[in-house]
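Structure at a glance
As a plain string of letters, each chain reads:
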Amino acid sequence: MIGLTHICARLALAFSALLIPMALVCPPAYSDGTPVRVRGSVVSLDGSKLVVRAKDGKDVSVSLADNFAALAVVKSSMADIKEGTFIGTATVTQPDTTLRSVEVVVFPDSLRGTAEGHYPWDLGSSSMMTNATVANAVKAVDGQTVTVTYKGGEKKIDIPANVPVVALVPASKDDIAPGAIVFVPAERQSDGSLHAGAVLFGKDGVIPPM
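Just so you know, these numbers come straight off a predicted model, no measurement behind them. (Residues numbered from 1 in each chain as written. Predicted model: local features only at pLDDT ≥ 70, side-chain atom pairs only at ≥ 80, totals over all residues. Heavy atoms only, no water.)

This brings us to the overall build of the protein. Helices and strands together make up the secondary structure of the protein, namely two helices and twelve strands. In sequence order, the protein lays out its α and β elements as α-α-β-β-β-β-β-β-β-β-β-β-β-β. The buried share of the protein, reckoned over its 210 residues, is 40%. A separation threshold of at least 6 residues defines the contact pool for the protein, and within that pool the share at least 24 residues apart is 60%. (Helix = DSSP H or I, 4+ residues; strand = E, 2+ residues; numbered from the N terminus. Buried < 20%, exposed > 50% of the residue type's maximum accessible area, 1.4 Å probe, protein only. Contact = heavy atoms within 4.5 Å.)

Below, the structure is given as structure tokens:
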């Protein structure tokens, strides 16, 4: 039986126009069931081998797919969070059980539906990630409140005015230079190595907040 990871790889090769969505959406076959999100600055990128200096000062090696996607993380604004927009936002639960955003990623239409849903994240205690479409947005003095919908659910999220808002744009692999700040959604293999199909890097001084 052909695994889903293999199917995703085949589709990505066959349909190059779908490379970026495939790299981010297709679920990997984790040997230990745990995704590894690598955050830090690029030490080197040599072919398919990426070395990242993590926040704890340790170097982390990631093996990249031959056709890995390069996505630039650029500055966006609250004005881009509007009805019909597909966003990703990490949230924390407040004492009154409402959700408060700590960062927002605005996806282009070509990436609509990427990793859609509401699931655990690792930006603080009990943080969650919600990738969904904005159904309603209400502006407030100190930000706005949005209602987002995804397959099987709906959430109401408060977005303070001071949270970082960024957007993703397709980029060249050549733009991933030493010193670039990156976010790499990777998968751990049975031998302990990390593999990834995409690299998100900050552009023009932007630090990926996800």
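What follows is about the nonpolar core. Grouped together as the largest cluster of nonpolar side chains are 35 residues, with contacts concentrated most on Leu50, Val62, Ile81, Val184 and Val199. When residues of this core are assigned to their parent elements, the largest contribution, six residues, is made by strand β3 (residues 59-75). The residues contacting valine 62, other than those within four sequence positions of it, are Val38, Ser48, Lys49, Leu50, Val184, Leu194, His195 and Ala196. Judged by nonpolar contacts, the second largest core, of 17 residues, contains Val105, Leu111, Leu168 and Met210. (Core = buried A, V, L, I, M, F, W, Y, C linked by side-chain atoms within 4.5 Å.)

In this structure, strand β1 (residues 35-46) lies alongside strand β2 (residues 49-54), joined through six bridges in antiparallel fashion. Within β2, the residue paired with aspartate 46 across the bridge is lysine 49. Counting the residues in the hairpin turn of β1 and β2 gives two residues, including glycine 47, whose phi is positive at 65°. For β2 and β3, the ladder comprises five bridges, and the chain directions are antiparallel. Paired with lysine 49 across the bridge in β3 is serine 63. (Pairing = 2+ DSSP bridges.)

We now examine the side chain of serine 76. With respect to the helices, strands and loops of the structure, serine 76 is situated in the loop between β3 and β4 (86-93). At 2.7 Å, the side chain of serine 76 and the side chain of aspartate 80 are in polar contact. (Polar contact = N/O pair within 3.5 Å; in protein donor to acceptor, adjacent residues only side chain to side chain.)

A separate point is the environment of arginine 53. Inspection of the secondary structure puts arginine 53 in strand β2. Sequence separation between arginine 53 and glycine 179 is 126 residues; the distance between their C-alpha atoms is 9.2 Å. Not counting residues up to four positions away in its chain, the partners in contact with arginine 53 are Arg39, Gly40, Ser41, Val43, Lys58 and Asp59. Among the polar contacts made by the side chain of arginine 53, one reaches the side chain of aspartate 59 at a distance of 2.7 Å.

A separate point is the pattern of salt bridges. Two side chains with opposite charge may pair up if their charged atoms get near one another. Summed over all chains, the structure comprises four salt bridges. Residues arginine 53 and aspartate 59 are paired through a salt bridge, measuring 2.7 Å at the closest nitrogen-oxygen approach. Residue class for arginine 53 comes out partly exposed when judged on its relative accessible area of 40%. Measuring nitrogen to oxygen at the nearest pair gives 3.2 Å for the salt bridge that ties arginine 112 to aspartate 109. Connected through salt bridges with shared partners, the residues Arg37, Arg39 and Asp122 form a single ionic network. (Salt bridge = Lys/Arg side-chain N within 4 Å of Asp/Glu carboxyl O.)

Attention shifts here to the confidence of the model for the protein. Overall, the predicted model of the protein reaches an average pLDDT of 85, with 84% of residues at or above 70. Of all the helices and strands in the protein, helix α1 (residues 4-14) carries the lowest mean pLDDT, 34, while β2 carries the highest, 98. pLDDT under 50 marks residues 1-23. Its contacts with residues more than four places away, or in other chains, come to 24 contacts. With pLDDT under 50 throughout, residues 25-31 is counted as low confidence; its partners more than four residues away or in other chains account for 17 contacts. (pLDDT = per-residue confidence, 0-100.)

Turning to the packing of aromatic side chains, a few remarks are in order. For the structure on display, the rule yields three aromatic pairs. Plain terms: the ring middles of tyrosine 119 and tryptophan 121 are 6.4 Å apart, the flat faces sit at 55° to each other, and that makes the pair tilted. Here the aromatic rings of tryptophan 121 and phenylalanine 183 are separated by 6.2 Å at their centres, their planes lie at 40°, and the arrangement is tilted. One end of the pair, tryptophan 121, is in the loop between β6 (117-120) and β7 (128-140); the other, phenylalanine 183, is in strand β11 (residues 181-188), with 62 residues separating them in the sequence. By relative accessible area, which is 16% here, tryptophan 121 ends up buried. (Phe/Tyr/Trp six-rings, centres within 6.5 Å; stacked < 30°, edge-to-face > 60°.)

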